[in-house]
Amino acid sequence: LRNLNIILVCLCNFFRMFTRFGMYQTVLQLYLNQILGLGVGDIGWVISMRIAGMVLFLFVAGSLSDRYGRKPVLVTGYIISGVALFAFSRSESLIFLFLSGLLAGAGDALDMTTLMALLSDIAPESVRGVVVGLFRTFMDVGGFLGPIIYVLVFKQINAVSTFYLGIILSLINILLIVRVNTRES
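Remember, predicted model here, so these are calculated numbers, not experimental data. Residue numbers restart at each chain and count upward from 1, following the sequence in its written direction. The predicted origin of the model limits local features to residues at a pLDDT of at least 70 and limits the giving and counting of side-chain atom pairs to 80 or more, whereas totals for whole chains, interfaces and linings rest on all residues. Side-chain numbers come from the whole structure's heavy atoms, not from hydrogens or water.

**Student:** What should I look at first to understand the pattern of salt bridges in this one?
**Tutor:** A side chain with one charge can pair with a side chain of the opposite charge if their charged atoms come near. Salt bridges are defined as contacts in which a side-chain nitrogen from Lys or Arg sits within 4 Å of a carboxyl oxygen from Asp or Glu. A full pass over the atoms with the stated rule returns seven salt bridges. Between Asp111 and Arg20 there is a salt bridge whose closest N-O contact spans 2.7 Å. Of this pair, Asp111 sits in helix 4 (residues 94–122) while Arg20 sits in helix 1 (residues 4–35), placing them 91 residues apart in sequence. Arg20 shares its class with Asp111; the two are buried. The shortest N-O distance in the salt bridge between Asp66 and Arg70 comes to 2.8 Å. Working definition: with a 1.4 Å probe on protein chains only, accessible area under 20% of the residue-type maximum means buried, over 50% means exposed, and in between means partly exposed. Classification of Arg70 as buried rests on a relative accessible area of 18%. Several salt bridges share partner residues, and in doing so they unite Arg16, Arg20, Arg50, Asp108 and Asp111 into one network. Where helices and strands are cited, they refer to DSSP runs of H or I of at least four residues and of E of at least two residues respectively, numbered from the N terminus.

Structure, rendered in structure tokens:
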């Protein structure tokens, strides 16, 4: 817990999973049904488009991070994720919702693969197992708290605020990643 760089990466993982579970696996489906009036079948297609975006970009993400560096790819992924959340908040037709989903999946793929690579780059070999456990703990706590907080925001404030919460967390992740020192382990 004394390595600030590892904590910063773990915090990024926390916020990433907070939004993935809170927004994409909980609130987005409520938003699509209750606010936009989509049926179960159309909601399934929108969610599947996000997964399709992930599948398309997972292989590319590793190559990009090896070629251009972990931090630039992570920042790009978080920017794409923020743009996708904004696009979802403005989309009213299925085609734009599908495109928003593809974009969200691309952003998720870029940060998912690259964040794990960055963690392995900065973790000292002697404590890699502990670091991976810490990384996974932050991930699971984010996945646990995300749906609770996102639903509270959805119900207590309004549906569109949940998208802005995700955008803010993407910006926070950019700030955290920029602070990570990749030369020190």
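From this point on, the discussion continues.
**Student:** Explain the packing of aromatic side chains to me, please; I cannot follow it from the model alone.
**Tutor:** Working definition: an aromatic ring pair is given by the centre-to-centre distance plus the angle between the planes. Stacked, tilted and edge-to-face pairs are distinguished by plane angle, under 30 degrees for stacked and over 60 for edge-to-face with tilted covering the rest, among Phe, Tyr and Trp rings (Trp via its six-membered ring) whose centres lie within 6.5 Å. This structure, assessed with the given rule, holds five aromatic pairs. With centroids separated by 5.7 Å and ring planes inclined at 50°, the aromatic side chains of Phe18 and Tyr150 adopt a geometry described as tilted. Placement of Phe18 in helix 1 and of Tyr150 in helix 5 (residues 128–156) is noted, with a sequence separation of 132 residues between them. By the burial criterion, Phe18 is buried, and Tyr150 matches it. One aromatic cluster is present, formed by Phe14, Phe15, Phe18 and Tyr150 through successive ring pairs.

**Student:** What am I meant to see in the environment of Phe138 here?
**Tutor:** By the secondary structure assignment, Phe138 is in helix 5. With 29 residues separating them in the primary sequence, Phe138 and Ile167 have C-alpha atoms 20 Å apart. It only takes one pair of heavy atoms within 4.5 Å for two residues to be counted as in contact. Setting aside residues no more than four positions away along its own chain, Phe138 makes contact with Cys10, Leu11 and Phe14.

Purely spatial values, then, with no claim about function.
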